[in-house]
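Secondary and tertiary structure notes
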Amino acid sequence: MQKAQDNAIQAFEDGMFAVFYNDEQLENLDQSIDLSLRHLFTFIRLAFLAGSYW
């Protein structure tokens, strides 16, 4: 369980996914949120594309 938590935190810090709470993006782990409001959480996995112009 601890390894999975560490992996999720590292992926968030590395920008591998974005987290939104009530349409507001959470930018860092220090932000506080009011869970009593029961807003929707959205997790978006980011995929980075590689390519070049000719």
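Scroll up for the structure.
Please read these numbers as outputs of a predicted model, since none were measured by experiment. (Residues numbered from 1 in each chain as written. Predicted model: local features only at pLDDT ≥ 70, side-chain atom pairs only at ≥ 80, totals over all residues. Heavy atoms only, no water.)

1. Regarding the overall build of the protein
Note the following rule: What counts as a helix is a DSSP run of H or I of at least four residues, what counts as a strand is a run of E of at least two, and both are numbered from the N terminus. The globule rule used for comparison is 2.2 Å times the number of residues to the exponent 0.38, while the radius of gyration itself is calculated over C-alpha atoms. For each residue, the accessible area found with a 1.4 Å probe, counting protein chains only, is set against the maximum for its type, and the residue is called buried under 20%, exposed over 50%, and partly exposed in between.
Within the protein, the secondary structure is distributed over one helix and three strands. Each helix and strand of the protein, ordered N terminal to C terminal, gives the series α-β-β-β. The C-alpha atoms of the protein give 14 Å as radius of gyration, which overshoots the globular expectation for 54 residues (10 Å, by more than 25%). Judged by the C-alpha coordinates and their principal axes, the protein covers about 50 × 30 × 15 Å. Looking at the protein as a whole, 11% of its 54 residues are labelled buried.

2. Observations concerning unusual backbone geometry
Positive phi, normally seen in glycine, also occurs at Asn-22, with a value near 55°. On the secondary structure map, Asn-22 appears in the loop between β1 (17–21) and β2 (24–26). With a relative accessible area of 40%, Asn-22 lands in the partly exposed category. A positive phi angle is found at Asp-23, which is not glycine, with a value near 65°. Along the polypeptide, Asp-23 turns up in the loop between β1 and β2.

3. Concerning the packing of aromatic side chains
Cut-off, in case you're wondering: Note on aromatic pairs: the rings of Phe, Tyr and Trp (six-membered ring only in Trp) are paired at centre separations within 6.5 Å, and the planes decide the class, stacked below 30 degrees, edge-to-face beyond 60, tilted for the rest.
For the structure on display, the rule yields four aromatic pairs. With a centroid separation of 4.6 Å and an interplanar angle of 40°, the aromatic rings of Tyr-21 and Phe-41 are classed as tilted. Separated by 20 residues along the polypeptide, Tyr-21 in strand β1 and Phe-41 in strand β3 (residues 41–45) bring together distant segments of the chain. We classify Phe-41 as partly exposed; its relative accessible area is 35%. Seen in terms of ring centroids, Phe-41 and Phe-43 are 6.3 Å apart; in terms of plane orientation they differ by 25°. Their pairing is stacked. Within the aromatic cluster, the residues linked to one another by ring pairs are Phe-12, Phe-17, Tyr-21, Phe-41 and Phe-43.

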